[in-house]
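Fold and geometry: a report
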2 protein chains.
Amino acid sequence: MTPSAKALVPFVSVDHMMQLIHRVGLQQMITGIAECIEEDFRRWEQFDKTPRVAAHSEVGVIELMPTADETHYAFKYVNGHPKNTAEGLQTVTAFGLLADMDTGYPLLLSEMTLLTALRTAAMSALAAKYLAPKGARCMAMIGNGAQSEFQCLAMQALVGIDTVRLYDTDPRATAKCAANLRGTGLTVIPCTTAQHAIEGAQIITTCTADKKNATILSDNMVGPGVHLNAIGGDCPGKTELAPGVLTRAEIFVEYPAQTRIEGEIQQLPADHPVTELWQVITGQAPGRRDARQITLFDSVGFAIEDFSALRYVLTKARDTGLNLPLDLLADPDDPRDLFGMLTRAAPARVA
Amino acid sequence: MTPSAKALVPFVSVDHMMQLIHRVGLQQMITGIAECIEEDFRRWEQFDKTPRVAAHSEVGVIELMPTADETHYAFKYVNGHPKNTAEGLQTVTAFGLLADMDTGYPLLLSEMTLLTALRTAAMSALAAKYLAPKGARCMAMIGNGAQSEFQCLAMQALVGIDTVRLYDTDPRATAKCAANLRGTGLTVIPCTTAQHAIEGAQIITTCTADKKNATILSDNMVGPGVHLNAIGGDCPGKTELAPGVLTRAEIFVEYPAQTRIEGEIQQLPADHPVTELWQVITGQAPGRRDARQITLFDSVGFAIEDFSALRYVLTKARDTGLNLPLDLLADPDDPRDLFGMLTRAAPARVA
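Since this is a predicted model, take the numbers as computed values, not measurements.

1. Remarks on the relation of the copies chain A and chain B
- Rotating chain A by 180 degrees and translating it 0.0 Å along the rotation axis places it on chain B, where the RMSD comes to 0.0 Å. Seen this way, the second copy is the image of the first under a two-fold rotation axis.
- Mapped onto chain B, 100% of the interface residues of chain A are again interface residues, and the two copies thus contact each other with one and the same surface.

Right, dumping it as structure tokens:
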């Protein structure tokens, strides 16, 4: 029996996603996803929002990140296991689904390990577009793991940086990142300390993965007029910035209910003022007010960003045919006759 | 490029699931899943539990149902759209995932439209094994849709019923169910009213799908000494039983925090006493106390049941090879070098 069209859900594998990125162009795709995120943040109030649902263990976390508007539903499955790297596994793997709110039927299943790297970079660059000092040209990239190149290229494409200063506790990670950025047009400066990396940078991105309260940036390291893009602190007990940095900065977040649990601001009182980024994008709240201000995008990643990325991929996967039809849904001739479908699928008996 | 073993997740399609059910035998598989559920309910306190996360619209609901123990994580995606049937679509479709808590890596992706029918039937029969009057032989099956045959066969296999009395507002549904149950050894009695269907039944199963507060069983219809298995009322505003039935019954539930929102008991005060079924299974709470008692299993379906069903399928799918390796996870040679994996996947340039 061949499954009917109603039974099939387009699936974008890792291989398909890589082909799609090469077909579209990495920076073009990051820009396209950033446009989708910006559109969706502009209509923030139309979304059904909830903090992600996490299952924690000693060594990591598995999370579900759902959201919906009137027409579409999306969720992402994502794990975070910093110790995986030592075992030859990814710290973060992810996949996601887009569905039709009217029928509840899935429209797209997609790998999201790569896609999360793209949408996180797109989100960081979108925030920096609104918050970084005007004319920012140099970014310090602290933490040179799996996300780092995507962050650098997104900032190049959307914000116009031309120089990145790289630092990681592991020099091999820095060497890997520097090698990968060769030929991108970015001036790449490997650095041996975090202090060295931030010299002259208008944007400082931290993306480290320890599952603990770390101090990647101490209070005395951060001077006026920088934009901090803190993306590594993203679950309870996992932060990157000294509290003194936070209290001197104007803090911007995605979804406060989630960020207060997971972000850098878990270190601050629950009523510490923060600005929701969507309000900056819609013009309801100010972004950067002056050149000397320290702005902080305390990013933990929110479900709407995945929603935006998935709707971008749905269109592209359809247009390019880069997907596999997956026999995911039962589709009996009579929808009430699931049992009959099963019976008719019985292997033929030998007469 | 061929994805590495670490990139691949076994996927059980609808077709594979049907083949698996025929290979194992439907009633044997329901019994096997019921054994897994019983094992997991015995260690209820070891699970990380949360009410499911629902996105409601005017016409339906999409839900995520996660749970985890120390070693495994599972979640199910499931929708409920009663109006789908009229459009040739399933009211309920589902798929699910089992993952390794130690790495966060998925172990199995599976269709769960069929599997949910099996696990729901297994759960109903497991509850009836503990709660139905001794020697129950006859079940009224009210609502003869996609779940009905599975319910009847599970009660036959686990509880020993020999007769089912069928009723549905649509006589075609009853005719379909009766035809499907031919040759199963059950005596099948189609009935023209709910009142007629419940005559002489020791077990009454209600499984109707309207998204509203309906009264499938009114107070005067339910006499002493029956077990009610109410599975159709499973979201806010969707119930099947008159409140008077509830107050006369001893009520058993899966997970009170979820059932008080979604089950029949949403009609009762929030402090109305209920017994958790796992406590009956472990012997910590009494089940049926006497022959004249009315017992009610107010079932809404809980994540642990899907966890149990998925771990059953993982073993069987491995043993039978009935699965497809899905290229779901990125697996770079160096886990920190996601970007390098992407770069190396670029299509070769023509020289």
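2. Let's talk about the sheet that holds strand 3 (residues 61-68) of chain B
Residues and elements named next belong to chain B.
- Spatially, the seven strands line up as an open sheet ordered 2-3-4-5-6-1-17, and their pairing is mixed. The open sheet is flanked by strand 2 (53-56) and strand 17 (324-327), the only strands paired with a single partner. Looking at each pair of strands side by side, their axes are set apart by 20 degrees on average, direction ignored.
- Here strand 3 pairs with strand 4 (residues 72-80) via eight bridges, running antiparallel. Within strand 4, the residue paired with proline 66 across the bridge is phenylalanine 75.
- Strand contacts of helix 3 (residues 113-131): strand 3, strand 4, strand 5 (94-100) and strand 6 (106-111), with the helix running at about 90 degrees to strand 6, the strand carrying the most contacts.

3. Here we look at the packing of aromatic side chains
All names here are of chain A.
- The final tally for this structure, using the stated rule, is 25 aromatic pairs over all chains.
- Pairing tryptophan 44 with tyrosine 255 gives two aromatic rings, centres 6.5 Å apart and planes at 50 degrees, and the pair type is tilted. Placement of tryptophan 44 in the loop between helix 2 (26-42) and strand 2 (53-56) and of tyrosine 255 in the loop between strand 14 (250-253) and helix 8 (256-262) is noted, with a sequence separation of 211 residues between them.
- Tryptophan 44 gets classed as buried once you look at its relative accessible area, which sits at 2%.
- On the accessibility criterion, tyrosine 255 (15% relative accessible area) is buried.

4. Details of the side chain of Ser148(A)
Residues and elements named next belong to chain A.
- You can see serine 148 is positioned in helix 4 (residues 148-158).
- Here asparagine 144 takes part through its backbone oxygen, which lies 3.4 Å from a polar atom of the side chain of serine 148.
- Within the structure, the side chain of serine 148 is placed 2.8 Å from the backbone oxygen of glycine 145, a separation counted as a polar contact.

5. Examining the pairing of strand 8 (residues 163-167) of chain A
Residue and element names in this part refer to chain A.
- Among the five residues in strand 8, five count as buried, and that is most of the element.
- What you see with strand 8 is no split at all: Thr163, Arg165 and Tyr167 on one side and Val164 and Leu166 on the other are buried throughout.
- In terms of strand pairing, strand 7 (residues 138-142) meets strand 8 through five bridges, oriented parallel. Within the sheet, the bridge partner assigned to isoleucine 142 lies in strand 8 and is tyrosine 167.
- In this region the chain leaves strand 8, passes through helix 5 (residues 171-180) and returns to the parallel neighbour strand 9 (residues 187-190); the handedness of that crossover is right-handed.

Criteria and thresholds
Residues numbered from 1 in each chain as written. Chains lettered and ligands numbered in written order. Predicted model: local features only at pLDDT ≥ 70, side-chain atom pairs only at ≥ 80, totals over all residues. Heavy atoms only, no water. Least-squares fit on C-alpha atoms with pLDDT ≥ 70 in both. Contact = heavy atoms within 4.5 Å. Pairing = 2+ DSSP bridges. Helix = DSSP H or I, 4+ residues; strand = E, 2+ residues; numbered from the N terminus. Axes fitted to C-alpha atoms, helices over the stretch in contact; angles between N-to-C directions. Phe/Tyr/Trp six-rings, centres within 6.5 Å; stacked < 30°, edge-to-face > 60°. Buried < 20%, exposed > 50% of the residue type's maximum accessible area, 1.4 Å probe, protein only. Polar contact = N/O pair within 3.5 Å; in protein donor to acceptor, adjacent residues only side chain to side chain. Right-handed = clockwise from strand over helix to strand, strands pointing away.

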